[in-house]
Amino acid sequence: MPRPPVKRDFLSVESWDDAEVDELLALAARVKRGEVSGGLERRVAAMVFLDPSLRTRTSFEAAMHLHGGLAIPVEPGRGSWAMETEPDVVMDGATVEHLIEAARVLGRYADVLGLRAFPRGDDWAATRQDRVHADFARHCEKPVINLESARRHPCQELADGLTLREALPEPRGRRFVLSWSWHPKALPTAVPASAALAAARQGMEVVIAHPPGFELDPEDLATIEALARRRGGSLQVSRALEPALEGAEVVYVKSWGALSAFGRPEAEQALRAPYREWRGSAALLGRAPAAKVMHCLPVRRNVELDAAVLDGPQSIVIEQAENRLHAQRALLLRLLGAA
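What counts and how
For every chain, the first residue of its written sequence is number 1, and the numbers climb from 1 along that sequence. Totals for whole chains, interfaces and linings use all residues, but because this is a predicted model, local features are given only for residues with pLDDT of at least 70 and pairs of side-chain atoms are given and counted only at 80 or more. To obtain the side-chain values, all non-hydrogen atoms of the structure were included, while hydrogens and water were left out. By definition, a salt bridge exists where a carboxyl oxygen of Asp or Glu is found within 4 Å of a side-chain nitrogen of Lys or Arg. Numbered from the N terminus, helices here are DSSP runs of H or I no shorter than four residues, and strands are runs of E no shorter than two. Three labels apply to residues, based on accessible area from a 1.4 Å probe with only protein chains included: buried if under 20% of the type maximum, exposed if over 50%, partly exposed otherwise in between. Centre distance within 6.5 Å is the pairing criterion for rings of Phe, Tyr and Trp, where only the six-membered ring of Trp is used; planes under 30 degrees apart are then read as stacked, over 60 as edge-to-face, and the remainder as tilted. Charge-over-ring contacts are defined here by two conditions on Lys NZ or Arg CZ: a distance within 6 Å of the ring centre and an angle within 35 degrees of the ring normal. To estimate the expected span of a helix, count its residues, drop one, and scale the result by 1.5 Å. The arc in question is traced by the directions running from the helix axis to the C-beta atoms. Only heavy atoms matter for contacts: two residues are in contact if any of them lie within 4.5 Å across the pair. The term polar contact refers here to a pair of N or O atoms within 3.5 Å; inside protein, the definition further demands a hydrogen-donor-capable atom paired with an acceptor-capable atom, and it admits residues adjacent in sequence only when both atoms are side-chain atoms. Criterion used throughout: strands pair if DSSP finds at least two bridges between them. In this analysis, axes come from line fits to C-alpha atoms, helices being fitted only over the stretch in contact, and the angle between any two N-to-C directions falls in the range 0 to 180 degrees.

### With respect to the pattern of salt bridges
As a working rule, side chains carrying opposite charge can pair if their charged atoms are close by. Under the definition given, this model contains 34 salt bridges. Notably, a salt bridge pairs Arg334 with Glu23, separated by 3.6 Å at the nearest N-O pair. Separated by 311 residues along the polypeptide, Arg334 in helix H13 (residues 317–335) and Glu23 in helix H1 (residues 18–32) bring together distant segments of the chain. A relative accessible area of 38% places Glu23 in the partly exposed class. In this structure, Glu75 and Arg78 form a salt bridge, with 3.8 Å as the shortest nitrogen-oxygen distance. On the basis of relative accessibility, which here comes to 26%, the residue Glu75 falls in the partly exposed class. The structure contains a network of salt bridges with shared partners spanning Glu14, Arg128, Arg151, Arg152, Asp217, Glu219 and Asp220.

### Structural notes on the packing of aromatic side chains
For the structure on display, the rule yields six aromatic pairs. Where Trp124 meets Phe262, the ring centres are 5.2 Å apart and the plane angle is 65°; that geometry is what we call edge-to-face. Taken together, the residues span a long stretch of sequence, with Trp124 in helix H4 (residues 124–127) and Phe262 in the loop between strand S10 (250–254) and helix H10 (265–272) at a distance of 138 residues. In this pair, the class of Trp124 matches that of Phe262, namely buried. On the basis of an interplanar angle of 90° and a centroid distance of 6.4 Å, the ring pair of Trp180 and Tyr275 is categorised as edge-to-face. With Trp180 in strand S7 (residues 175–180) and Tyr275 in the loop between H10 and helix H11 (282–285), this residue pair connects regions lying 95 residues apart in the sequence. Trp180 sits in the buried class, given a relative accessible area of 0%. Following the ring pairs from residue to residue traces out a cluster consisting of Trp180, Phe214, Tyr275 and Trp278. One cation-aromatic arrangement involves Arg8 over Trp16; the distance from NZ or CZ to the ring centre is 4.3 Å. Against the face of Trp182 rests Arg276, its NZ or CZ located 4.0 Å from the ring centre.

### Examining helix H6 (residues 154–167)
The terminal C-alpha atoms of H6, which comprises 14 residues, lie 20 Å apart, in line with the 20 Å expected from a rise of 1.5 Å per residue. Counting buried positions over the 14 residues of H6 gives eleven, a clear majority of the element. Within H6, the full set of buried residues consists of Pro154, Cys155, Gln156, Glu157, Leu158, Ala159, Asp160, Gly161, Leu162, Thr163 and Leu164.

### Details of helix H8 (residues 218–230)
The terminal C-alpha atoms of H8 lie 18 Å apart, and with 13 residues this matches the ideal 18 Å at 1.5 Å per residue to within 8%. For H8, the set of buried residues is Asp220, Ile224, Leu227 and Ala228. One face of H8 carries all of its buried residues, which in axial projection span an arc of 100°. In H8, those exposed residues whose orientation departs by more than 90 degrees from the buried face are Pro218, Arg229 and Arg230. Where H8 is buried, its residues contact H1, helix H7 (190–201), strand S8 (205–209) and strand S9 (234–238). Residue Asp217 occupies the N-cap position of H8, its side-chain oxygen lying 2.9 Å from the main-chain nitrogen of Glu219. Looking at the residues trailing H8, positive phi occurs at Gly232, about 95°.

### Some remarks on the sheet that holds strand S5 (residues 112–116)
The four strands lie next to each other as S2-S1-S5-S6, forming an open sheet whose pairing is parallel. This sheet does not close on itself; its edge strands, each paired only once, are strand S2 (70–74) and strand S6 (144–146). Strand-to-strand twist across the sheet, computed as the mean angle between neighbouring axes with direction ignored, equals 20°. Across five bridges, strand S1 (residues 44–49) lies against S5 in parallel orientation. Looking across to S5, one finds that Ala45 is bridged to Val112. Across the face of the sheet, helix H2 (residues 55–66) comes into contact with S1, S2, S5 and S6 while running at roughly 175° to S1.

Here it is as structure tokens:
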């Protein structure tokens, strides 16, 4: 029986309990099989993008359409007023609209809202709080979905969980390797942390392989390890890539920046410079020929992952991207009480 709609935010997957997430993934599988239709008629989703998007924006628009609803993308500074996100500021500069009014007004127009805002500033201790998302949710009377923040990409995490269940029908105890990759610039840690959490939730043997200096946030590592153990899995961290790949059944290739040099691009570049060969090469992934290869996309071909891997039989990146749609359909149905 449909549940009544309530104000329930989705800022991180771990803010929901295990049973709820398992139910959500089961619903996503049913949605993908075509067993659920409608449910969002006359419903509106507003999506605020402070940063670019391809899969997130398109998949949410498609999800709303497929179930009879409407999605409205909002891009502050491009078609709508530039948005101020600092809580106590004299707005005599370039920004015109404050997050507070934007969240309150959009909450009167839409039934559910999403917000994407990448990390800014040079202080990881402050940035890691994901204050912009927390403030937006606090001022909005409708459910708010995190479309990616500094520390989490929960919609990607749901899709990755669904993908792992499809790739390995019995994922518990299987080896999942999250492999750092070189990239021309420092990327956020939201996706790698969320990917590891997705595997941990499946009870997998999670291995995070990265060069020295590229450790994930200690609190995130503790969360990943606690979830893995609770679900029957484990967590290991490796500073060497080739040994980590031994016995891997899934290899998730992803770059991220050094938090020790957060906000200092030159220092961060110096840290990553020696590790150009850390990437998903065909030769390297040939050491784990049975492993499925994942990446959240977008991906820099022949930088993070060889084209031969992306286009080869090990790759499930397109299936993984498709699952963004189905996981988000399930999430919208659940948040709005239609399933």
